[in-house]
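Breakdown of the fold
One-letter residues, chain by chain:
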Amino acid sequence: MASYDDILERLFVHLRPLARPGVELDGDTDLVRTLGLDSTTLVDIILDVEDEFDVSVPLNALSDVQTAGELATLIRGLTEEQ
Amino acid sequence: MSLLDRLRTLSQDREALLHGESDPFGVPVEEVYSATEARIGGRTVVLAGTNNYLGLTFDPGCIQAAHDALAASGTGTTGSRMANGSYASHLELERELAEFYGCRSAIVFSAGYLANLGMISALVGPGDVALIDADCHASIYDGCRLSGADILRFRHNDPESLDKRLGRLGEQTARTLIIVEGLYSMLGDRARLEEIVELKRRHGCFLMVDEAHSLGVLGENGRGLAEETGTAADVDFIVGTFSKSLGGVGGFSVSDRPELELVRYSSRPYIFTASPAPSVVASTREALSILRSRPELRERLWDNARRLYGKLEELGYRLGPDVSPVVAARLDTPDQALALWRGLIDEGVYVNVMLPPATPAGQSLVRCSVSAAHTPEQIDRICEAFAALREQASSEAGLSRHRVPRAPEA
């Protein structure tokens, strides 16, 4: 079982290309306000994230996700369920 | 932030996109002359963005049928079928749809959008899974949201991506509905239905196919992709619309499953909407009859599609992967797409512009749809307009940013 920190680091690989130069990513990084992701971009990233972690992320669950850390927590929870 | 700030933000986004120039969304069509011509901005244009695939909106038989129904049954039903009852023509249309598809039964909705909302929200619910192609139409997404089911997506037209997600579901596949479209409306590509059906069988789930853009377009009898690919027996529910090939408004589902009849009692978009007006039902029935009896319309449609696709490809426009009546040119930026769209209007051709976030993978599209009613000369006129803009774009001389697109890559 991957730790929260491991999951977060692997998420950053997907999120970093979307961040403006100089923006440091951490668990509190707001996916919409800081990274400027719109809902369509976010759900497209989820397809990559699902493949990365071999887990399915329901779109419904994303409505509670605002930060990279919350996404990591969601993925950890879903991998535990599997 | 106050309640209406969300809408005011849209206004700023709109201004940033349009730079004060004409708005391509909701263009005033001053007069419609025929299935393929209208007056826009005071001039006659060729309509090449209306999804009027069989060109039946001005068919004399359809118009007469609507007139007769209007005189006989009035302007509207003023309520839902659950409350106000079903007119004989609603039941006849459902019988004719079921017979056309060779299915046990059909159910008619008041719009294509409502057909997806109504079917999906009745078929799946909390604890179930809706597993949809990433490029599915907004009505499918909205139906899934209304249902309360878990919404999972697989990569567009990628059976391997679908297989992975089905594999993860385990026994929950018995409570899973896969949803795909016969012909995808943005790029005109078809679902890989044979492979999807194979996965559906192997994993023991259900399958719904939205044939909105493929009814009257694909298949020996015009039933759509399921007919063309010989997979109809494995498709549990087909959904479609009256607003494209049938030239009306409304939607439907057909199925061999007896449970379809029960959808009427659990589908809020069916129960709480006024039923289709008698004139609309009448013209739709006539259009369905024409679709069945005049296969030459489909042949003409495909001749036109091949002609347009071939010519635009030859001009170097980047198009969707399949030849189809939906022919979309892919541009690099929204500005380029808007400039091409405006240039086409100036050349006397009306098409659609499609921009992110409504488009797959953030693409900017200038989308044409051809009709059986287009003459070869009209198709040539559309091609000439694209050619004129292609040449101007290549020259890059004395042309403003918003008037002319950058040359599409070959």
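The rules behind these values
Residues numbered from 1 in each chain as written. Chains lettered and ligands numbered in written order. Predicted model: local features only at pLDDT ≥ 70, side-chain atom pairs only at ≥ 80, totals over all residues. Heavy atoms only, no water. Axes fitted to C-alpha atoms, helices over the stretch in contact; angles between N-to-C directions. Helix = DSSP H or I, 4+ residues; strand = E, 2+ residues; numbered from the N terminus. Parallel < 35°, antiparallel > 145°, perpendicular 65-115°, else oblique. Left-handed = near helix turned anticlockwise from the far one by under 90°. Contact = heavy atoms within 4.5 Å. Nonpolar A, V, L, I, M, F, W, Y, C, P; charged D, E, K, R; others polar. Buried < 20%, exposed > 50% of the residue type's maximum accessible area, 1.4 Å probe, protein only. Pairing = 2+ DSSP bridges. Phe/Tyr/Trp six-rings, centres within 6.5 Å; stacked < 30°, edge-to-face > 60°. Lys NZ or Arg CZ within 6 Å of the ring centre and 35° of its normal. Salt bridge = Lys/Arg side-chain N within 4 Å of Asp/Glu carboxyl O. Patch = residues over 30% accessible without salt bridge, like charges linked within 9 Å, V, L, I, M, F, W, Y side chains within 5 Å. Areas by Shrake-Rupley, 256 points an atom, 1.4 Å probe, with all protein chains shown as cover. Buried area = accessible area lost by both parts, 1.4 Å probe. Polar contact = N/O pair within 3.5 Å; in protein donor to acceptor, adjacent residues only side chain to side chain. Core = buried A, V, L, I, M, F, W, Y, C linked by side-chain atoms within 4.5 Å. Domains from an automatic or database assignment. 1 Å grid on protein atoms, 1.4 Å probe; cavity = no way out; pocket = protein on both sides within 12 Å on 5 of 7 lines; lining within 4 Å. Points joined across faces, edges and corners; volume = space filled by probe spheres on them.

**Describing the packing of helix α2 (residues 60–73) of chain B against helix α12 (residues 278–293) of chain B**
Residues and elements named next belong to chain B. The interhelical angle for the contact between α2 and α12, taken along N-to-C directions, is 150°, at an axis separation of 7 Å. In terms of orientation, α2 lies roughly antiparallel with respect to α12. As α2 runs across α12, the sense of the crossing is right-handed. Of α12, the residues touching α2 (which contributes Gly61, Cys62, Ala65, Ala66, Ala69, Leu70 and Ser73) are Pro278, Ser279, Ala282, Ser283, Glu286, Ala287 and Ile290. Residues that form the contact of α2 with α12 fall into these classes: nine nonpolar, four polar and one charged.

**Overview of the pairing of strand β10 (residues 251–255) of chain B**
Where a strand is regular, its side chains alternate between the two sheet faces. All names here are of chain B. With five of five residues buried, β10 is to be regarded as a mostly interior element. The side-chain alternation of β10 yields two buried faces, one formed by Gly251, Ser253 and Ser255 and the other by Phe252 and Val254. Bridging between strand β4 (residues 105–109) and β10 involves five bridges; their strand directions are antiparallel. Within the sheet, the bridge partner assigned to Val108 lies in β10 and is Phe252.

**Topic: the packing of aromatic side chains**
Residues and elements named next belong to chain B. Enumeration according to the criterion identifies five aromatic pairs over all chains in this entry. For the pair Phe242 and Phe252, a centre-to-centre distance of 5.7 Å together with 10° between the ring planes defines the contact as stacked. Highlighted residues: Phe242 in the loop between β9 (237–241) and β10 and Phe252 in strand β10, separated in sequence by ten residues. Joined through ring pairs, the aromatic side chains of Phe100, Tyr101, Phe242 and Phe252 make up one cluster. The lysine or arginine in question, Arg223, covers the ring of Phe100, its NZ or CZ lying 5.8 Å from the ring centre.

**Some points on the pattern of salt bridges**
Tallied over the full model, the rule gives 37 salt bridges over all chains. With its nearest N and O atoms 3.9 Å apart, the salt bridge here joins Asp51 of chain A to Arg168 of chain B. Taken together, the residues span two chains, with Asp51 of chain A in helix α2 (residues 39–53) and Arg168 of chain B in helix α7 (residues 159–169). Residue classification places Asp51 of chain A among the partly exposed positions, given a relative accessible area of 27%. Residue classification places Arg168 of chain B among the buried residues on the basis of a relative accessible area of 17%. Shared partners join several salt bridges into a network, and the residues in it are Asp48, Glu50, Asp51 and Asp54 of chain A together with Arg155, Lys164, Arg165 and Arg168 of chain B.

**What to know about a nonpolar patch on the surface**
Taken together, Leu3, Leu4, Leu7 and Leu10 of chain B make up a surface patch of nonpolar side chains, about 450 Å² in accessible area. Relative to the helices and strands, Leu10 of chain B resides in helix α1 (residues 5–18).

**Structural notes on the interface of chain B and chain A**
The interface of chain B with chain A comprises 15 residues on the first partner and 15 residues on the second. Taking both partners together, chain B and chain A bury about 1,300 Å²; carbon and sulfur atoms supply 43% of that area. By the criterion of area lost to chain A, the three top residues of chain B are Arg153, Arg155 and Arg168 of chain B, representing 48% of everything that side buries. With a closest N to O distance of 2.8 Å, Arg165 of chain B and Glu50 of chain A form a salt bridge. Sorting the residues of the side of chain B that touches chain A by element identifies β6 (150–154) and α7 of chain B as the ones contributing at least two each. Take the side of chain B that touches chain A: its biggest share by element is five residues, from β6 of chain B. Looking at the side of chain B that touches chain A residue by residue, the classes come out as eight nonpolar, one polar and six charged.

**What about α7 of chain B?**
Where α7 of chain B is concerned, the buried positions are Pro159, Ser161, Leu162, Arg165, Leu166, Arg168 and Leu169 of chain B. Residues of α7 of chain B that are buried in the fold lie against α2 of chain A together with β5 (129–133), β6, β7 (176–181) and α8 (193–203) of chain B. At the N-terminal end of α7 of chain B, a side-chain oxygen is found 3.0 Å from the backbone nitrogen of Glu160 of chain B, two or three residues along, and the residue is Asp158 of chain B. Gly170 of chain B, located one to two residues past α7 of chain B, shows a positive phi value of around 60°.

**Re the nonpolar core**
Residues and elements named next belong to chain B. In terms of nonpolar packing, the biggest core is built from 90 residues, with Val180 and Phe386 touching the most fellow members. In terms of domain composition, this core takes at least three residues from each of domain 1 (17–47 + 295–395) and domain 2 (60–293). Among all residues touching Val180, those that are not within four sequence positions of it are Asp133, Cys136, Phe154, Ala191, Leu193, Ile196, Leu207, Met208, Val209 and Asp210.

**Focus: empty space enclosed by the protein**
Using the criterion set out here, one finds two cavities of 30 Å³ or more in the structure. Estimated volume of the largest cavity: approximately 50 Å³. Forming the walls of the largest cavity are Arg81, Val108, Phe109, Ser110, Pro269, Tyr270, Thr273, Ser275 and Pro276 of chain B. Every element with two or more residues in the lining of the largest cavity is listed here: β4 and α11 (268–271) of chain B. Taken together, the residues of the lining of the largest cavity sort by class into five nonpolar, three polar and one charged. Looking at the second largest cavity, its volume works out to about 40 Å³. Surrounding the second largest cavity, Val43, Ile46, Leu47, Glu50, Val57 and Leu59 of chain A together with Ile151, Leu152 and Arg153 of chain B form its lining. Broken down by secondary-structure element, the contributors of at least two residues to the lining of the second largest cavity are α2 of chain A together with β6 of chain B. Among the elements that make up the lining of the second largest cavity, the one with the highest residue count is α2 of chain A (four residues). Grouping the constituent residues of the lining of the second largest cavity by class yields seven nonpolar, no polar and two charged.

No statement about biological role is implied by the geometric values presented.
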